[in-house]
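Breakdown of the fold
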Amino acid sequence: MRKLALNTLDAFFKAIAKTEALYLPVRENMSAAFERYEEGTVYFEAPNTLRSAKDFFFPQSETLAAFRFQQDKIEVVDPRRESEDFVVFGVRPCDVASFKILDSVFLADPVDTYYQNRRRHATIISLACTKPRSTCFCSLYGIDATKGGADIDSYKCADGYYFEANTEKGRKLLESLDSLFTDGDDTVVERQREAVRKLVEKLPFGKLDMHKFGKDAKMLELFDSPEWDQLSQSCLGCGTCTFVCPTCQCFDIRDFDTGHGVQRYRCWDSCMYSDFTQMAAANPRRTQKERFRQRFMHKLVYYPEEHQGVYGCVGCGRCLERCPIHMHIVKVIKTLGEDA
């Protein structure tokens, strides 16, 4: 591993920012958000950002195409531009795991070239967790909070930051900044990882009973469970859980008349909304119970059924913190996972 002294961290950021756009967590109210690097704005005290790094690849709103009309002619304009190379520093391991879920959706045939273009130009540097919150439960899904598995993994220790490249992109970046580093003692990182693992083992939701979920779940039995009535009763359908979720990928496509043409754009949508999947004839999910059930069945049953047992949740805990009525995936797991 390569070691960076604590007092040279800003020099490390400046060196990256000279050649590539650099984004990292900065303070936003009582939490953190990814912003473009400016000296002195870094904030790593929050265990995670308010919204995930998903925004870099699947933004909340983006223009897909534009149409210009001139008499009887229609010109189709492709608004895409080649993305600049950029680096995202400070991505927690749960969010790194979410990229694999998004990749399985957007990079499967037919490939989403808007998403693909951004992914190709990004270098992700993870930052291992040191102070997980009580709302974190990534270990439930086999995610290691002490190792990200990104292009570069980084670790904040008492004597400095340690870096380990996992991909060719990561190795090239570290090599270009080699003068800033010294050789690091791997045992320092291992001791810290072991200490954090002990903290993770004590988290309240890390050992929930998952035997009723996953690729071998009894789908119809869960689908018809009477517990959905009680679980969904208090849901407001606000969609907050879907907007802070790093793995949700639903979107709507709309046209906007600018007065001199039309812009076609896509924006995030939510399966919790009453007009989600609205068709000309009707909506297949007419009640809040049906919409509520769809969200959690997809995370816990439908997605793992189609993706070798990988769950559609990474245990980041954002929905636990943000749901206004505290009806979240942990309560669903605990309620449906209990044996009669």
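Residues numbered from 1 in each chain as written. Predicted model: local features only at pLDDT ≥ 70, side-chain atom pairs only at ≥ 80, totals over all residues. Heavy atoms only, no water.

Turning our eyes to something else, we now look at the packing of helix α9 (residues 288–306) against helix α11 (residues 329–337). The geometry of a pair of packed helices is captured by two quantities: the angle between their axes and the separation between those axes. Interhelical geometry of α9 versus α11 gives an angle of 80° and a closest axis separation of 11 Å. As summarised for this structure, α9 and α11 are arranged roughly perpendicular, according to the angle between their axes. On α11, the residues that touch Phe292, Phe296, Lys299 and Leu300 of α9 are Ile329, Val332 and Ile333. Partitioning the contact of α9 with α11 into residue classes produces six nonpolar, no polar and one charged. (Axes fitted to C-alpha atoms, helices over the stretch in contact; angles between N-to-C directions. Helix = DSSP H or I, 4+ residues; strand = E, 2+ residues; numbered from the N terminus. Parallel < 35°, antiparallel > 145°, perpendicular 65-115°, else oblique. Contact = heavy atoms within 4.5 Å. Nonpolar A, V, L, I, M, F, W, Y, C, P; charged D, E, K, R; others polar.)

Glancing now at the pattern of salt bridges. Under the counting rule described, the total for this entry stands at 24 salt bridges. Here arginine 68 makes a salt bridge to glutamate 75, at a shortest N to O gap of 3.9 Å. When its relative accessible area of 42% is taken as the criterion, glutamate 75 is described as partly exposed. Taking the shortest distance from any N to any O, the salt bridge between glutamate 164 and lysine 147 comes out at 3.2 Å. Here glutamate 164, found in strand β9 (residues 160–165), pairs with lysine 147, found in the loop between β7 (122–127) and β8 (152–157); they are 17 residues apart in sequence, far enough to count as distant. Using a relative accessible area of 27% as the deciding quantity, one classes glutamate 164 as partly exposed. A network of salt bridges, in which partner residues are shared, links Asp144, Glu190, Arg193, Glu194 and Arg197. (Salt bridge = Lys/Arg side-chain N within 4 Å of Asp/Glu carboxyl O. Buried < 20%, exposed > 50% of the residue type's maximum accessible area, 1.4 Å probe, protein only.)

Helix length check: α9, at 19 residues, gives a terminal C-alpha distance of 25 Å against a target of 27 Å (1.5 Å per residue), a fit within 8%. Taking the largest bend as the criterion, α9 deviates by roughly 55°, centred on histidine 298. Backbone geometry just downstream of α9 places glutamine 308 in the positive-phi region, at approximately 50°. (Expected span 1.5 Å × (residues − 1). Bend = angle between axes of the 7 residues up to and from the residue.)

Another point: the sheet that holds strand β12 (residues 262–268). Strand order across the open sheet formed by four strands is β5-β4-β12-β11, with antiparallel pairing between neighbours. Of all strands in the sheet, those bounded by a partner on one side alone are β5 (73–77) and β11 (251–257). Between one strand axis and the next, the sheet turns through 20° on average, direction left out of account. Pairing between strand β4 (residues 61–70) and β5: five bridges, direction antiparallel. (Pairing = 2+ DSSP bridges.)

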